[in-house]
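Residue-level listing of the chains:
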Amino acid sequence: MTGALVDSFGRIASDLRVSLTDRCNLRCTYCMPPEGVPWLPSPDILTDAEVARLVGVAVTRLGIREIRFTGGEPLLRPGLVAIVEATAALVPRPTISLTTNAIGLDRMAGALRQAGLDRVNVSLDTLDEDRFAALTHRRRFADTLAGLHGAAAAGLTPVKLNTVLIRGVNDDEAVPLLRFALAHGYELRFIEQMPLDAQHTWDRTTMVTADEILAALRADFTLLPDPVDRAGAPAETWLVDGYRDLAGRPARVGVIGSVTRPFCGDCDRTRLTADGQVRNCLFAREESDLRGPLRGGADDAGLAQRWQAAMWPKKPGHGIDDPTFLQPPRPMSAIGG
Ligand code: SAM
Ligand code: SF4
């Protein structure tokens, strides 16, 4: 072990988000323009073996305990199953999860589970087929639903749902989405819309705030304080009175108030992009290259030291409320959400 990924404010990163591709088969309006974005050139993308090597360094030398694969759309990565398998073989074995739009997951869930995937977060912003098409610029609602249910059937549980509400678009669906999640035993999390879209069109006035989401939910449900410690997790969670999940535990709902209720002081994340750059924050404007040293022959200890050096200057907060705030040059789809 080389040591922990600690920053100058004493925060320790134990949760690694790995983007496996910047490409996607949807075009969610808050993420990408309909025409997409210029994709990373293939030679820049880490190979499966390179991803496995860096994840191995993170787990065996830097104290990473949780790995989440994301993108872009991680199910589009041809080597996904092999990467999960290599990750699950690490000692100590990390928890492995996937954030996905679930298109095609019904066909892949069994193989991913067998490879060692523990659970999934599926992004679903609406229960209306036409709205889904308007929101994502693709008619894939049925595919997402099939993937979602396929994940649960394969035992990738607890299945979590991620929802971004947009004013005037789907902000009337907080309650129906929670009813849907409760009916199926899925755990729903609402995420405040963040200034990370490729088009740079984020506007605070269209963001539905955590307070508004909670007010909408409380009109139909009784939300009780969650006795379980949040422990650095971005979501604030509540128990939904009278409901249970598939395992018979009290059902929960979460709100990730990234903008209005920032959790930066407790952040335990580090990020690796598909082209091998370490980011110490979703909103960082600087990245640290690991691909160059990796391809140049650096050993594991050297890579681990570079990773530590990349984390040390992590800022105390994202600074969205700061008048000097500038959106990071890369969009969420390229950073890895
Ligand atoms: N394609 C996968 C998916 O959609 O789940 C993984 C990548 S996506 C960037 C990860 C998560 O980020 C999704 O839940 C998505 O809704 C969320 N997301 C994307 N852009 C966002 C934004 N501007 N603000 C808040 N959440 C965003
Ligand atoms: Fe693709 Fe996910 Fe972005 Fe939607 S949020 S466009 S599914 S990367």
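Structural data are supplied above this passage.
Residues numbered from 1 in each chain as written. Chains lettered and ligands numbered in written order. Predicted model: local features only at pLDDT ≥ 70, side-chain atom pairs only at ≥ 80, totals over all residues. Heavy atoms only, no water.

Asker: Would you mind showing me how to read the packing of helix 2 (residues 80–88) against helix 3 (residues 105–115) here?
Answerer: For any two helices packed against each other, the geometry is given by the interaxial angle and the distance between the axes. Orientation of helix 2 relative to helix 3, taken along the N-to-C sense of each, is 20°, at an axis distance of 8 Å. With respect to helix 3, the axis of helix 2 lies roughly parallel. Considering only the axes of helix 2 and helix 3, their crossing is right-handed. Contact residues: Leu 80, Val 81, Val 84, Glu 85 and Ala 88 in helix 2; Met 108, Ala 111, Leu 112 and Ala 115 in helix 3. Classifying every residue of the contact of helix 2 with helix 3 gives eight nonpolar, no polar and one charged. (Axes fitted to C-alpha atoms, helices over the stretch in contact; angles between N-to-C directions. Helix = DSSP H or I, 4+ residues; strand = E, 2+ residues; numbered from the N terminus. Parallel < 35°, antiparallel > 145°, perpendicular 65-115°, else oblique. Left-handed = near helix turned anticlockwise from the far one by under 90°. Contact = heavy atoms within 4.5 Å. Nonpolar A, V, L, I, M, F, W, Y, C, P; charged D, E, K, R; others polar.)

Asker: Can you help me understand the site of ligand 1 in this one?
Answerer: Neighbouring residues of ligand 1: 18 residues in total, closest Tyr 30, Gly 72, Glu 73, Ser 123 and Met 194. With respect to ligand 1, the backbone of Gly 72 contributes an N or O atom lying 3.0 Å from a nitrogen atom. The contact in question runs from a nitrogen atom of ligand 1 to an N or O atom on the side chain of Glu 73, over 3.1 Å. With the chains in place, 96% of the 540 Å² that ligand 1 exposes on its own is no longer accessible. Split into classes, the residues belonging to the shell around ligand 1 amount to six nonpolar, ten polar and two charged. (Near = heavy atom within 4 Å. Polar contact = N/O pair within 3.5 Å; in protein donor to acceptor, adjacent residues only side chain to side chain. Areas by Shrake-Rupley, 256 points an atom, 1.4 Å probe, with all protein chains shown as cover.)

Asker: Could you clarify how one ought to interpret the pairing of strand 12 (residues 269–272) in this entry?
Answerer: A regular strand places its side chains so that they alternate between the two faces of the sheet. Side-chain alternation along strand 12 places Arg 269 and Arg 271 on one buried face and Thr 270 and Leu 272 on a second face that is also buried. Note: strand 3 (residues 15–19) against strand 12, four bridges, orientation parallel. Directly across from Val 18, in strand 12, lies its bridge partner Leu 272. Here strand 12 runs beside strand 13 (residues 277–279); their pairing, made up of two bridges, is antiparallel. Paired with Leu 272 across the bridge in strand 13 is Val 278. Taking the residues that link successive antiparallel strands as the turn, the strand 12-strand 13 hairpin has four residues, and the phi of Gly 276 there is positive, at about 80°. (Buried < 20%, exposed > 50% of the residue type's maximum accessible area, 1.4 Å probe, protein only. Pairing = 2+ DSSP bridges.)

Asker: I would appreciate a short explanation of the site of ligand 2 in the present structure.
Answerer: Every residue close to ligand 2 is listed here: Cys 24, Leu 26, Arg 27, Cys 28, Cys 31, Gly 72 and Asn 101. Tallied by class, residues from the shell around ligand 2 come to four nonpolar, two polar and one charged.

Asker: How should I be thinking about the environment of Glu 50 in this particular structure?
Answerer: Summarising the element assignment, Glu 50 is placed in helix 1 (residues 48–62). Judged by its relative accessible area of 14%, Glu 50 is buried. A sequence separation of 83 residues divides Glu 50 from Ala 133, and the C-alpha atoms of the two residues are 36 Å apart. Residues within four places of Glu 50 in sequence aside, it is in contact with Ile 45, Leu 294 and Arg 295.

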